[in-house]
Amino acid sequence: MPHTEADPRPLTGEPLAIDLLNTRWIDGAGHHDLLESLDGLAIWLGTPLVRQALGGTPAPVGQDTRERLRQARAALDEAVASPARPTPGAVEAVNAVLAHGRVRHVLGPEGPDVVVEVDDPSWLPAWAAVSDYLRLLAERPERIRSCGNPQCVLFFYDVSKNGTRRWCSMAGCGNRAKAQRHYARHNQP
């Protein structure tokens with residue numbers, strides 16, 4: 001059953017890998033980490049994006065799932081620092097998570113299909129997020145970006161037509177940057 005508490009994060013709707021990275025954020029109240037508690041884990045696992053990415057397979061809301069997601073998030077942290085040229089540490093961290101699952105091609109009643117198999121159900125969300133990161137790398141690694149606001153810790157996958165998005169959200173960080181530029185222009189001595 002999905003968790004009913006609302007997702008408190010300021011940026012949602014990004015691809016699964018980016019969404020996992022964005023389980024940490026900063027706002028006026030300070031630093032937050034959705035994976036700090038099992039309640040936060042339940043919120044993340046209950047989002048439509050995660051439920052869809054897991055193909056309707058429920059992931060256990062427990063310590064093992066939480067720790068494996070935190071391991072995957074740490075691996076993604078290393079990998080997004082340089083998507084086009086991952087460091088040996090990033091390669092090792094990402095592959096350590098991917099080692100716990102695999103894709104199996106099968107012929108089903110509806111035709112060809114792909115089945116994800118993991119060592120343990122608690123690995124499924126972490127494996128799916130890191131696997132999604134590989135998909136993003138294969139498509140457009142240069143579109144994986146951190147917010148242009150140096151005080152923001154959020155990431156996004158730029159799907160804009162010309163690929164020039166700079167902010168996690170125009171309503172948040174983008175608007176603050178515009179307001180600061182406006183203030184600086186109009187209040188110069």
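As the structure is a prediction and not an experimental result, all values here were calculated from the model. (Residues numbered from 1 in each chain as written. Predicted model: local features only at pLDDT ≥ 70, side-chain atom pairs only at ≥ 80, totals over all residues. Heavy atoms only, no water.)

1. A few points about the environment of Leu 49
Line of reasoning, step 1. Relative to the assigned elements, Leu 49 resides in helix H3 (residues 48-53).
Line of reasoning, step 2. The spacing of Leu 49 and Thr 12 is 37 residues in sequence and 9.0 Å in space, taken between C-alpha atoms.
Line of reasoning, step 3. Sequence-distant contacts of Leu 49, that is, excluding residues within four places in its chain, are made with Glu 14, Pro 15, Leu 16 and Asp 19. (Helix = DSSP H or I, 4+ residues; strand = E, 2+ residues; numbered from the N terminus. Contact = heavy atoms within 4.5 Å.)

2. Here we look at the pattern of salt bridges
Line of reasoning, step 1. The tally for this structure, following the rule as stated, stands at 14 salt bridges.
Line of reasoning, step 2. For Arg 135, the salt bridge goes to Asp 132, with nearest N and O atoms at 2.8 Å. Here Arg 135 pairs with Asp 132, and both are found in helix H6 (residues 124-139), just three residues apart, close to one helical turn.
Line of reasoning, step 3. Taking relative accessible area as the criterion, Arg 135 reaches 38% and is therefore assigned partly exposed.
Line of reasoning, step 4. With relative accessibility at 12%, the residue Asp 132 sits in the buried group.
Line of reasoning, step 5. The salt bridge involving Glu 142 is made with Arg 140; its shortest N-O contact spans 2.8 Å.
Line of reasoning, step 6. Since its relative accessible area comes to 43%, Glu 142 is described here as partly exposed.
Line of reasoning, step 7. Its relative accessible area of 37% is what places Arg 140 among the partly exposed residues.
Line of reasoning, step 8. A single network of salt bridges, built from pairs that share partners, joins Asp 7, Arg 9 and Asp 19. (Salt bridge = Lys/Arg side-chain N within 4 Å of Asp/Glu carboxyl O. Buried < 20%, exposed > 50% of the residue type's maximum accessible area, 1.4 Å probe, protein only.)

3. Focus: the pairing of strand E4 (residues 111-118)
A regular strand places its side chains so that they alternate between the two faces of the sheet.
Line of reasoning, step 1. Bridge analysis of strand E3 (residues 101-108) against E4 gives eight bridges, and the strand direction is antiparallel. Within the sheet, the bridge partner assigned to His 105 lies in E4 and is Val 114.
Line of reasoning, step 2. Between the antiparallel neighbours E3 and E4 lie two residues. (Pairing = 2+ DSSP bridges.)

4. Considering the pairing of strand E1 (residues 24-27)
Line of reasoning, step 1. The pairing of E1 with strand E2 (residues 30-33) spans four bridges and is classified as antiparallel. Its bridge partner lying in E2, Asp 27 is registered against Gly 30.
Line of reasoning, step 2. Counting the residues in the hairpin turn of E1 and E2 gives two residues.

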